[in-house]
Protein chains: 4
Amino acid sequence: MGTKSKDGVRRRMPREVRERQMLDAAVVGFARHGYQAASMDEIAEQAGVSKPLVYLYLKSKEDLFTACLRRERAALVEAVRGGTQERQVSAEQQLWKGLCAFFAHTAARPDGWAMLHRAATQGEPFADEVAGMRAEITELVRLLLSRAAEDAGCDSEFAEREVSGLAHAMVGAAESLAEWANAREGDAPSAKETAATLMNFCWTGLGRMTEGARWSPHR
Amino acid sequence: MGTKSKDGVRRRMPREVRERQMLDAAVVGFARHGYQAASMDEIAEQAGVSKPLVYLYLKSKEDLFTACLRRERAALVEAVRGGTQERQVSAEQQLWKGLCAFFAHTAARPDGWAMLHRAATQGEPFADEVAGMRAEITELVRLLLSRAAEDAGCDSEFAEREVSGLAHAMVGAAESLAEWANAREGDAPSAKETAATLMNFCWTGLGRMTEGARWSPHR
Amino acid sequence: MGTKSKDGVRRRMPREVRERQMLDAAVVGFARHGYQAASMDEIAEQAGVSKPLVYLYLKSKEDLFTACLRRERAALVEAVRGGTQERQVSAEQQLWKGLCAFFAHTAARPDGWAMLHRAATQGEPFADEVAGMRAEITELVRLLLSRAAEDAGCDSEFAEREVSGLAHAMVGAAESLAEWANAREGDAPSAKETAATLMNFCWTGLGRMTEGARWSPHR
Amino acid sequence: MGTKSKDGVRRRMPREVRERQMLDAAVVGFARHGYQAASMDEIAEQAGVSKPLVYLYLKSKEDLFTACLRRERAALVEAVRGGTQERQVSAEQQLWKGLCAFFAHTAARPDGWAMLHRAATQGEPFADEVAGMRAEITELVRLLLSRAAEDAGCDSEFAEREVSGLAHAMVGAAESLAEWANAREGDAPSAKETAATLMNFCWTGLGRMTEGARWSPHR
DNA sequence: GATGAATGAGTCTTCATTCAT
DNA sequence: TATGAATGAAGACTCATTCAT
């Protein structure tokens, strides 16, 4: 139980390393059980460390959770931003790259993503942190949609509020797809496949909207 | 504290009524704090009943949660089904009606919806129940999309798997929009507005897909 | 262990009674070990109750301590006041009665007194409560000394500050004597004996002071 | 953090010096928080040393406390003895000198005195040590009082037990006054003033007692 | 039908103390 | 000499749950 050297004694490790191990274990625990149900005992054991050490390094359960949150959030945002940063390409291409990066990341770090996703529905203490992340990503998407509209020569009628709603829908759809893709074992679709599904789903509609067309219930 | 008659004595009420009060209180508690953080004490007090009575009627916290889940699930599914049941109309119209019903319901019972939504990320004991509901709704959507494809004379190329993904994306988008709409205070959009946003977003793309067109990264 | 009925089952008791038992046990615990070292587990066991009940009724260790403090303080102050209340008699007689009452009380409730005494040197949270009690008693003594001076036709030279110091000395001496008397087992002096010791010690000096005489190091 | 030389490296210091630093820090800690609440972490940090070093030098918290106790006790007793040692002068003058020395010392080392004073109400482990000190000082006073009685030609009626009580009262009064004097900020009385207050208070009474007079409640 | 009284089991958190270097 | 790394043991506190009336 825990990281041991060859002669069965637990190794001393630099703080940095141990801290990473703890965060790793914590992410798994929080992802699987949620904030409340996750137990510090289990996390410590999973990290191969005694509980006091966890408290020495990470102060409290709340702080530990926040630290995990921040790390995973940073990793995710960076991944998504990475695909969106090239200024040369069109908004369409950027969105595509971003989606690919998103699905690749969520597939590569399923526990990290699960934790972030669950965190959205945990209690107040983390509302801000989580809302912040969601806002960050949604804003990213909103900007892209907005720019796509501009590229298409769309006038200001394509109001802020409408784009906002679309961005939220998009993010929700992406999250749901990520969950769905991760849930499959064996025949999980590739990140690109999933991203393509989403692009297929919405891009045309978005294009038509920029042209001023609106869907209406009457016919 | 609690429901009292004019002379200060707690009223004896038929089981049915008391049970509803408990479920109501529980839904609020679970919605606001999540399963783990919600406390039986608080729920009992909120329901105006002593704790032992809650246990007498609902057996355990887990059972109470499940009961809430089932009730809210049934209400939501029924609401959505209501808009989709008319066999005469087109799949498009049915989807539209269903979305309207969904957003209307989530707006009318925010706590119920919040609980269902949170439940999706609570621990294992309820995974089945919640997954069941999600599957039920997703299946509903999947059928509609499938039928829309058929209506459009689309052949079987529009494979099961692709539609499945779309249905998940759709449901995720709807959930996200519902959350977004509920979060707004004051200028919350109407159910129809929200539904229209979503239809705009996806319906055209869906149409094009049924025609065999696919979005592709290369141009 | 704990209060049991004849058939070995722990009895249900009205809250009031149980609360008193808890306070009794807590006073003993706090008196013997001090605030920090006293354990809630031990207190609960001593009271013949489970820990949660202690928390249900008394909220927290700090609150429990405060409750004990208040109860013992009230009892002590009332006891001392009782001997001092008769307005007819001289200050001298009142002081005498007060001292007798004080020593009688501290002898009758050694744990209560020990707790109060220890509390004076526990940490900040209780500083106010304890300081308040000390101030209350010291003020009582100060008034008596002041009045004794008046009775002796002493002018205002017998300044406030000087009386204040005397009152503190008096209280300190009394506390020390109480401790000393309680520590003896077997040949403990009676309350009256102890009170007489103190009166002997200080009353003449006090009298001379009111006449304007002062002790001085030079002869 | 800690004593560092100019180039930022912690200085190697002779054991003696380090040990003094630790005791100094410990006295402050124990004085402020009491034995239980004082933390070894804080003490080590305050001393500018790592915790293992504290354990290397002082073995355990209990030993550390005892060491502090002994040091402060020795310092206090020596200070008081210093004023009492001259055999030439009268018991009265010796008592006066002793009191002056006591109040001067407690004012000069408030933390040391606070620690000693608090120690009197800490748990069993130190009861002996503390009782020892109290006994030492009380005995000192008792001897003086006894000698004063002798000087006054008082016969053995002035029984041992009576003097014992008086000594305890005296010590208690002195402690209380020391506390009271230390608590004042700004207008704190000088050691001599405080000592004079106490002499005024008791010396006359003591004189009368040696003459056989006794205070009695009946007139 | 309804509840005040009561608890077993478990959680987070802290602290004095010791290795290994 | 001196310390960063690490932990066993214990304490405060809470919660779902049940008895006895």
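What counts and how
- Residues numbered from 1 in each chain as written.
- Chains lettered and ligands numbered in written order.
- Predicted model: local features only at pLDDT ≥ 70, side-chain atom pairs only at ≥ 80, totals over all residues.
- Heavy atoms only, no water.
- Phe/Tyr/Trp six-rings, centres within 6.5 Å; stacked < 30°, edge-to-face > 60°.
- Helix = DSSP H or I, 4+ residues; strand = E, 2+ residues; numbered from the N terminus.
- Buried < 20%, exposed > 50% of the residue type's maximum accessible area, 1.4 Å probe, protein only.
- UniProt positions renumbered as here; feature names shortened; annotations may be inferred.
- Least-squares fit on C-alpha atoms with pLDDT ≥ 70 in both.
- Contact = heavy atoms within 4.5 Å.
- Near = heavy atom within 4 Å.
- Polar contact = N/O pair within 3.5 Å; in protein donor to acceptor, adjacent residues only side chain to side chain.
- Salt bridge = Lys/Arg side-chain N within 4 Å of Asp/Glu carboxyl O.
- Nonpolar A, V, L, I, M, F, W, Y, C, P; charged D, E, K, R; others polar.
- Core = buried A, V, L, I, M, F, W, Y, C linked by side-chain atoms within 4.5 Å.
- Axes fitted to C-alpha atoms, helices over the stretch in contact; angles between N-to-C directions.
- Parallel < 35°, antiparallel > 145°, perpendicular 65-115°, else oblique.
- Left-handed = near helix turned anticlockwise from the far one by under 90°.
- Buried area = accessible area lost by both parts, 1.4 Å probe.
- Expected span 1.5 Å × (residues − 1).
- Disulfide = S-S within 2.5 Å.

Let us look at the packing of aromatic side chains. Under the criterion given, the structure shown has 34 aromatic pairs over all chains. Judged by centre distance (5.3 Å) and plane angle (85°), the ring pair of Phe102 of chain C and Trp113 of chain C falls under edge-to-face. Residue Phe102 of chain C is found in helix H5 (residues 91-108), and its partner Trp113 of chain C is found in helix H6 (residues 110-119); the two are separated by 11 residues along the sequence. Each member of the pair Phe102 of chain C and Trp113 of chain C is classed as buried. Residues Phe65 of chain D and Phe126 of chain D carry aromatic rings whose centres are separated by 4.4 Å and whose planes lie at 50° to one another, so their mutual orientation is tilted.

Turning next to the UniProt feature "DNA-binding region" (unreviewed entry) in chain A. In the numbering used here, UniProt assigns the "DNA-binding region" (unreviewed entry) feature to residues 39-58 of chain A. The span residues 39-58 of chain A carries 80% helix and 0% strand; its end-to-end C-alpha distance comes to 14 Å.

It is worth spelling out the relation of the copies chain B and chain A at this point. When chain B is fitted to chain A, the best match, at an RMSD of 0.2 Å, comes from turning it 179° and sliding it 0.0 Å along the axis. Interpreted geometrically, this transformation is the action of a two-fold axis. Here 100% of the contact residues of chain B are again contact residues in chain A; the copies associate through an equivalent surface.

Overlaying chain C on chain D yields an RMSD of 0.3 Å, the required transformation being a rotation through 179° with an accompanying axial translation of 0.0 Å. Residue by residue, 98% of the interface of chain C is reproduced at the interface of chain D, so both copies engage with the same surface.

Let us now look at the protein's contact with DNA strand F. Not every one of the 39 residues close to DNA strand F is listed here, only the nearest: Arg12, Arg18 and Pro52 of chain A together with Arg12 and Lys51 of chain C. When the atoms of DNA strand F within 4 Å of the protein are grouped by moiety, sugar and phosphate amount to 55% of the total. In the environment of DNA strand F, a phosphate oxygen lies 3.3 Å from a nitrogen or oxygen atom belonging to the backbone of Ala38 of chain C. One of the side-chain N or O atoms of Tyr55 of chain C is found 3.1 Å from a phosphate oxygen in DNA strand F. Going through the elements one at a time, helix H1 (15-37) and helix H3 (51-58) of chain A, helix H3 (51-58) of chain B, helix H3 (51-58) of chain C together with helix H3 (51-58) of chain D are the ones with two or more residues in the surface near DNA strand F.

Before going further, it helps to examine unusual backbone geometry. Phi at Lys59 of chain B takes a positive value of approximately 75°, unusual for a residue other than glycine. You can see Lys59 of chain B is positioned in the loop between H3 and helix H4 (61-84).

Below, the discussion takes up the interface of chain C and chain D. Contacts between the two partners involve 46 residues from chain C, matched on the other side by 45 residues from chain D. The interface formed by chain C and chain D holds 0 salt bridges in total. Inspection of the region where chain C meets chain D yields 13 residue pairs in polar contact (both at pLDDT 80 or more). Going through the elements one at a time, helix H1 (15-37), H5, H6, helix H8 (160-183) and helix H9 (191-210) of chain C are the ones with two or more residues in the side of chain C that touches chain D. Within the side of chain C that touches chain D, the residues separate by chemical class into 20 nonpolar, 15 polar and 11 charged.

Phe30, Leu64 and Leu198 of chain A together with Phe30, Leu64 and Leu198 of chain B are the most contacted members of the largest nonpolar core, which has 131 residues in total. Each residue touching Leu198 of chain B, except ones within four places of it in the same chain, is listed here: Ala169 of chain A together with Leu99, Phe103, Met170, Ala173, Ala174 and Leu177 of chain B. Met170 of chain C together with Ala38, Leu144 and Ala173 of chain D belong to the second-largest nonpolar core, a separate cluster that totals 130 residues.

Turning next to the packing of helix H7 (residues 127-151) of chain C against H8 of chain C. Two numbers describe a pair of packed helices, the interaxial angle and the distance between the axes. All names here are of chain C. Running from N to C, H7 and H8 point in directions that differ by 120°, and their axes come no closer than 9 Å. Taken together, the axes of H7 and H8 lie oblique to each other. Handedness of the H7/H8 crossing: right-handed. Here Arg134, Ile137, Thr138, Val141, Arg142, Leu145 and Ser146 of H7 lie close against H8, whose contacting residues are Glu160, Val163, Ser164, Leu166, Ala167, His168, Met170, Val171 and Glu175. Per-class residue counts for the contact of H7 with H8 are 8 nonpolar, 4 polar and 4 charged.

Take the UniProt feature "domain: HTH tetR-type" (unreviewed entry) in chain A next. Under the UniProt annotation, the feature "domain: HTH tetR-type" (unreviewed entry) is placed at residues 16-76 of chain A. The span residues 16-76 of chain A is 89% helix and 0% strand, and its two end C-alpha atoms sit 21 Å from each other.

At the junction of the two partners, chain B supplies 45 residues and chain A supplies 45 residues. With both sides pooled, the region where chain B packs onto chain A buries about 3900 Å², and carbon together with sulfur makes up 62% of that total. Here chain B is connected to chain A by 13 residue pairs in polar contact (both at pLDDT 80 or more). Going through the elements one at a time, helix H1 (15-37), helix H5 (91-108), helix H8 (160-183) and helix H9 (191-210) of chain B are the ones with two or more residues in the side of chain B that touches chain A.

Close contacts around DNA strand E come from 40 residues, with Arg12 of chain A, Arg12, Arg18 and Pro52 of chain C together with Lys51 of chain D the closest. Atoms of DNA strand E within 4 Å of the protein belong to the sugar or the phosphate in 55% of instances, the rest to bases. Backbone polar atom of Met40 of chain A to a phosphate oxygen of DNA strand E: 3.1 Å apart, as the coordinates give it. Between DNA strand E and the protein, one listed contact pairs a phosphate oxygen with a side-chain N or O atom of Arg18 of chain C at 2.4 Å.

To continue, consider the side chain of Arg184 of chain A. In this fold, Arg184 of chain A is placed in the loop between helix H8 (160-183) and helix H9 (191-210). Each residue touching Arg184 of chain A, except ones within four places of it in the same chain, is listed here: Pro189 of chain A together with Arg161 of chain B.

All right, on to helix H5 (residues 91-108) of chain D then. Structurally, the α-helix is built with 3.6 residues per turn, so residues lying three or four positions apart point the same way. The first and last C-alpha atoms of H5 of chain D sit 25 Å apart over 18 residues, in line with the 26 Å expected at 1.5 Å per residue. Ala91, Gln94, Leu95, Trp96, Gly98, Leu99, Cys100, Ala101, Phe102, Phe103, His105 and Thr106 of chain D are the residues of H5 of chain D that are buried.

In this structure the tally under the stated criterion is 0 disulfides over all chains. Cys202 of chain B supplies the cysteine sulfur nearest to Cys202 of chain A, a cysteine that is in no disulfide, at a spacing of 9.4 Å.

All names here are of chain D. Within the element layout of this structure, Glu175 appears in helix H8 (residues 160-183). With relative accessibility at 11%, the residue Glu175 sits in the buried group. Distance in space between the C-alpha atoms of Glu175 and Ser50 is 35 Å, their sequence separation being 125 residues. Filtering out sequence-adjacent residues up to four positions away, Glu175 remains in contact with Phe102, Trp113, His117 and Arg134. Within the structure, the side chain of Glu175 is placed 2.9 Å from the side chain of Arg134, a separation counted as a polar contact.

Chain B makes no contact with chain C; the smallest distance between any of their C-alpha atoms is 12 Å. Across all C-alpha pairs, the smallest distance from chain B to chain D is 32 Å, and the two are not in contact.

Under the counting rule described, the total for this entry stands at 54 salt bridges over all chains. With a closest N to O distance of 3.5 Å, Asp41 of chain C and Lys51 of chain C form a salt bridge. Taken together, the residues span a long stretch of sequence, with Asp41 of chain C in helix H2 (residues 40-47) and Lys51 of chain C in helix H3 at a distance of 10 residues. The exposure class assigned to Asp41 of chain C is partly exposed, which follows from its relative accessible area of 48%. A salt bridge links Arg70 of chain D to Glu129 of chain D, with the nearest nitrogen and oxygen atoms 2.7 Å apart. Of this pair, Arg70 of chain D sits in helix H4 (residues 61-84) while Glu129 of chain D sits in helix H7 (residues 127-151); the two residues are 59 residues apart in sequence, bridging distant segments of the chain. The structure contains a network of salt bridges with shared partners spanning Arg70, Arg73, Arg81, Glu129 and Glu136 of chain A.

Residue and element names in this part refer to chain A. Two elements in contact, H1 and helix H6 (residues 110-119), have axes whose closest approach is 8 Å; the angle formed by their N-to-C orientations is 50°. Judged by the angle between their axes, H1 and H6 are oblique. Regarding H1 and H6, the two cross each other, and that crossing is left-handed. Judged by residue contacts, Val27, Val28, Phe30, Ala31, Arg32, His33 and Gly34 of H1 engage Asp111, Gly112, Ala114, Met115 and Arg118 from H6. Residue composition of the contact of H1 with H6, grouped by class: 6 nonpolar, 3 polar and 3 charged.

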